[in-house]
Each structure stands twice: as structure tokens, then as C-alpha cells.
Amino acid sequence: MVDYIKEIERLKKEKNAVIMGHYYQKGEIQDISDYIGDSLALAQYAAKTDADIIVLCGVHFMGETAKVLCPDKKVLVPDMNAGCSLADSCNAADFKKFIDEHPGHKVISYVNTTAAVKALTDVVVTSSNAKQIVESFPKDEKIIFGPDRNLGNYINSITGRNMVLWDGACHVHEQFSVEKIVQLKQVYPEALVLAHPECKKTVLTLADKVGSTAALLKFAINSDKKEFIVATESGILHEMQKKAPNKIFIPAPANDSTCACNDCSYMKLNTIEKVYNALLNEQPEITVDRALADQAVKSIRKMLEISAQLGL
Ligand code: 13P
Ligand code: SF4
């Protein structure tokens, strides 16, 4: 029987590899990651690492973003089937048509997109910096925002902008049930509701704090409250519980689920065994056409530049 954790450590040193994990990964993967973070942090880590191999424990678009930023490094994703329904909701050819139908608009895309969509984009955002990046454009700038309509609507509502929105969504965040959150509030009347901006407006309206995974984590750690109902993918509860062991985190359930939480089946495809196999075989590897990467990297670098200027 292979001791995966020991072998992963050995292979990492031998191959000068680094493991980056998103907060939605299984707890055991977060625990062996050299860096854990939200989508923005993962892009920032990738941009500055001097490792030869990045094992990106997240979904395909995260690996692709790392590869576009580091074309000379090997970027591995433990399970190549780890996709994203939001990225899938925005096909590059259709998005190009949408852009052509709106001449004179700047294009802002959420990081949950393919490299081909990023190549059509002026600046990429994540949920950590979307508000600030949108506000960095003049008030009268015409803007297309894609692909998440919930995040786009939320940013429009807090900035007073009127961005034209692509009609995409994340199947996990769309599923949170207002009714079940209200029921949980009756059981835990003191609990604050934390929600990711990919949730529908009806859920965001119930929230005491709306933010990226990193922002929700920070809020929960710093809050003087003890109980939190968490409306985002349940992987984040692992780090919340670790950083705030005396607090109670209650996962918000989905509409159609009998289980108490809401998992992204793509995120949960990665396992410790697959991380080990990825490091051992240096597969499955993310590849991006170089010309496409050269175009896509501009909108990602722009995001990183603005974020650095804003101290994000
Ligand atoms: P953040 O980590 O940027 O909050 O993104 C959430 C998400 O849906 C990643 O797939
Ligand atoms: Fe994509 Fe939603 Fe899964 Fe995030 S939680 S990877 S947005 S499908």
C-alpha cells in the first residue's frame, strides 16, 4: 500500500513541484497543498512560483490560467474531467458573436472561463476583485460582463453600473435554496448568512456578507459572531473550521438535494491518489496553444496589475 502523503512529499522535492489547492477541494487535498486560496490567490501564486511543476488542485480553467501565466512550466490537474459548468456556459465563438453585437464595449470576464474566452477579453476578474476592477473603468464606459449573470447583476447593483451580461451561471451556486436557508435561520437565529456572489439574487438578499471564498473566510474569522450559514461550495468549511475552531459553520443546502450541503462534483473529482499519480507520471498535463496563450495572458496580467495597485 503506497503512503500517498509521504510519496507526494518526496516527489515534490525530487521534481521541484508545488501543489496549489482551491478552497473547494476535499479537506485532505487542502491539507497537503503548499498554497490554498481563492481563484485570485491561485493565479497570483502561479504568476510568482519558481517551481518547475504546478499541480493545480482545482478545475480545468484554473490549471489553464496557471499555464497561460507560466507557459514554460508543466501544469498538471489531477483529474482532467474536472470542468466547470460556468466556464462551459460560455463558448468562445458565441461570446465573440455577443461582443460583435455590442460594438464599443470593453469586455470584462470572470476567471471561470476558457483561455479562448480570456483571449477575447480586456480584463479578467475574480469575485475578490470584480467590484474594484469594474470601478476602475470610467462611469460612462460601456461594458460587457461574462459569463456569470448572478455575479454580473450583483456587481451592477453595488456599483450602479449597467453592464451588459452574458447569460451564464454555476450549477452549484444557482441551486441554493432560499427556503432551506430560512429554515436554518429558525434553528440558528444568531447565525450570519455568508454567500458567494455566484448565488441567485434571492439568496444574496438573505446574506449578511457576500464575497469570494477568501472574503467569506476572512469575515468569519474576524466576526465576533459564533454561527454561520455558508452558501457556497462546502469545501470552504474545511478551512473555516480550521481557522476558527470554536465557531459553528452550517452548510446551506441545495434545492433538490437530500444531503445537507452543496458540493461541486467537478471540484471533488480530485483525490490524494490522483495527486500522487499526477506527480509520478507528470500527467494529465494542461496544454494551451502558444498564440492563444499569448493573447489570453494579457487580460489575466491586466487583472494582476490592477489588483496589485489596489493592494488586493
Ligand atoms: P473564488 O474562489 O474566486 O471565490 O471562486 C469560486 C469558484 O466558483 C471557483 O470555481
Ligand atoms: Fe465551476 Fe461552480 Fe464548480 Fe466553481 S463551483 S468550479 S463555478 S461549477
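For the structure itself, look to the data block above.
Treat the numbers as computed from the prediction; the structure is a model and nothing was measured.

Quick look at the site of ligand 1 now. As a structural note, the neighbourhood of ligand 1 is formed by 14 residues, with H22, S39, H196, E198 and T213 the closest of them. Within the contact set of ligand 1, an oxygen atom lies 2.8 Å away from a side-chain nitrogen or oxygen of H196. Contacts to ligand 1 include T213, whose side-chain N or O atom sits 2.9 Å from an oxygen atom. Of the pockets mapped on this structure, ligand 1 occupies the largest cavity. Of the residues contributing to the shell around ligand 1, the split by class is 5 nonpolar, 7 polar and 2 charged.

Moving on to the sheet that holds strand β11 (residues 227-231). Two pairing modes exist for strands in a sheet, parallel and antiparallel, and in both the strands are linked by backbone hydrogen bonds. Here 4 strands make up an open sheet; going across it, the order is β10-β9-β11-β12 and the pairing parallel. Every other strand in the sheet has two partners, leaving β10 (209-210) and β12 (248-251) as the edge strands with one partner each. When β11 meets β12, the two strands line up parallel, connected through 4 bridges. Looking at the pairing, F228 lines up with F249 of β12.

As a further point, take empty space enclosed by the protein. Applying the stated criterion to the full structure yields 2 cavities of 30 Å³ or more. Surrounding the largest cavity, 28 residues form its lining, Y24, M62, N112, E198 and M267 being those nearest its centre. Elements represented by at least two residues in the lining of the largest cavity include exactly α3 (39-48), α4 (60-69) and α5 (85-88). Classifying every residue of the lining of the largest cavity by side-chain character gives 12 nonpolar, 13 polar and 3 charged. By volume, the second largest cavity amounts to about 60 Å³. Together, S39, L42, A43, L56, M62, T65, A66 and V111 line the second largest cavity. Of all elements in the fold, only α3 and α4 reach the threshold of two or more residues within the lining of the second largest cavity. Across the lining of the second largest cavity, the residue classes break down as 6 nonpolar, 2 polar and no charged.

Our next topic: unusual backbone geometry. With the exception of glycine, the majority of residues adopt a negative phi angle, and the majority of peptide bonds are in the trans configuration. Note that the residue after G146, namely P147, is joined by a cis bond; omega there is -10 degrees. Position of P147 among the secondary structure elements: in the loop between β7 (143-146) and α9 (149-159). At the junction of Q283 and P284, the peptide bond is cis and its omega measures out at -10 degrees in the coordinates. Assignment of secondary structure puts P284 in the loop between α14 (272-281) and α15 (290-309). Of note in this structure, N16 is not a glycine but carries a positive phi near 50 degrees.

For ligand 2, the full set of nearby residues is Y24, V59, C84, S85, N112, C170, H171, E198, C264 and M267. When atoms are counted within 2 Å of each cavity's grid points, the one that captures over half of ligand 2 is the largest cavity. Here the residues of the shell around ligand 2 are counted per class, giving 6 nonpolar, 3 polar and 1 charged.

Quick look at the sheet that holds strand β5 (residues 106-110) now. Strands sit in the order β6-β5-β7-β8 across an open sheet of 4 strands; the sheet is parallel. Where the open sheet ends on each side, the last strands, each with one partner, are β6 (123-125) and β8 (164-165).

Before going further, it helps to spend a moment on the pairing of strand β3 (residues 53-57). For a regular strand, side chains alternate in direction, first toward one face of the sheet and then toward the other. The buried fraction of β3 is high, at 5 of 5 residues. Across the two faces of β3 the burial is the same, with I53, V55 and C57 and I54 and L56 all buried. Inspection of the sheet shows strand β1 (residues 17-22) paired to β3 by 5 bridges, in the parallel sense. When the sheet's bridge partners are listed, A17 is paired in β3 with I53. Judged from the 3 bridges that link them, β3 and strand β4 (residues 74-76) form a sheet pairing that is parallel. Across the sheet, I53 pairs through a bridge with K74, a residue of β4. Remark: the β3/α4/β4 crossover connection has right-handed handedness.

Here the focus is the layout of surface pockets. There is about 400 Å³ of room inside the largest pocket. Put simply, the parts of the chain that give the lining of the largest pocket at least two residues each are α8 (130-135), α9, β10 and α12 (213-222). No other element matches α12, which puts 5 residues into the lining of the largest pocket. Residue composition of the lining of the largest pocket, by class: 12 nonpolar, 5 polar and 3 charged.

So, how was this worked out
- Residues numbered from 1 in each chain as written.
- Chains lettered and ligands numbered in written order.
- Predicted model: local features only at pLDDT ≥ 70, side-chain atom pairs only at ≥ 80, totals over all residues.
- Heavy atoms only, no water.
- Near = heavy atom within 4 Å.
- Polar contact = N/O pair within 3.5 Å; in protein donor to acceptor, adjacent residues only side chain to side chain.
- 1 Å grid on protein atoms, 1.4 Å probe; cavity = no way out; pocket = protein on both sides within 12 Å on 5 of 7 lines; lining within 4 Å.
- Sits in = over half its atoms within 2 Å of the grid points.
- Nonpolar A, V, L, I, M, F, W, Y, C, P; charged D, E, K, R; others polar.
- Pairing = 2+ DSSP bridges.
- Helix = DSSP H or I, 4+ residues; strand = E, 2+ residues; numbered from the N terminus.
- Points joined across faces, edges and corners; volume = space filled by probe spheres on them.
- Buried < 20%, exposed > 50% of the residue type's maximum accessible area, 1.4 Å probe, protein only.
- Right-handed = clockwise from strand over helix to strand, strands pointing away.

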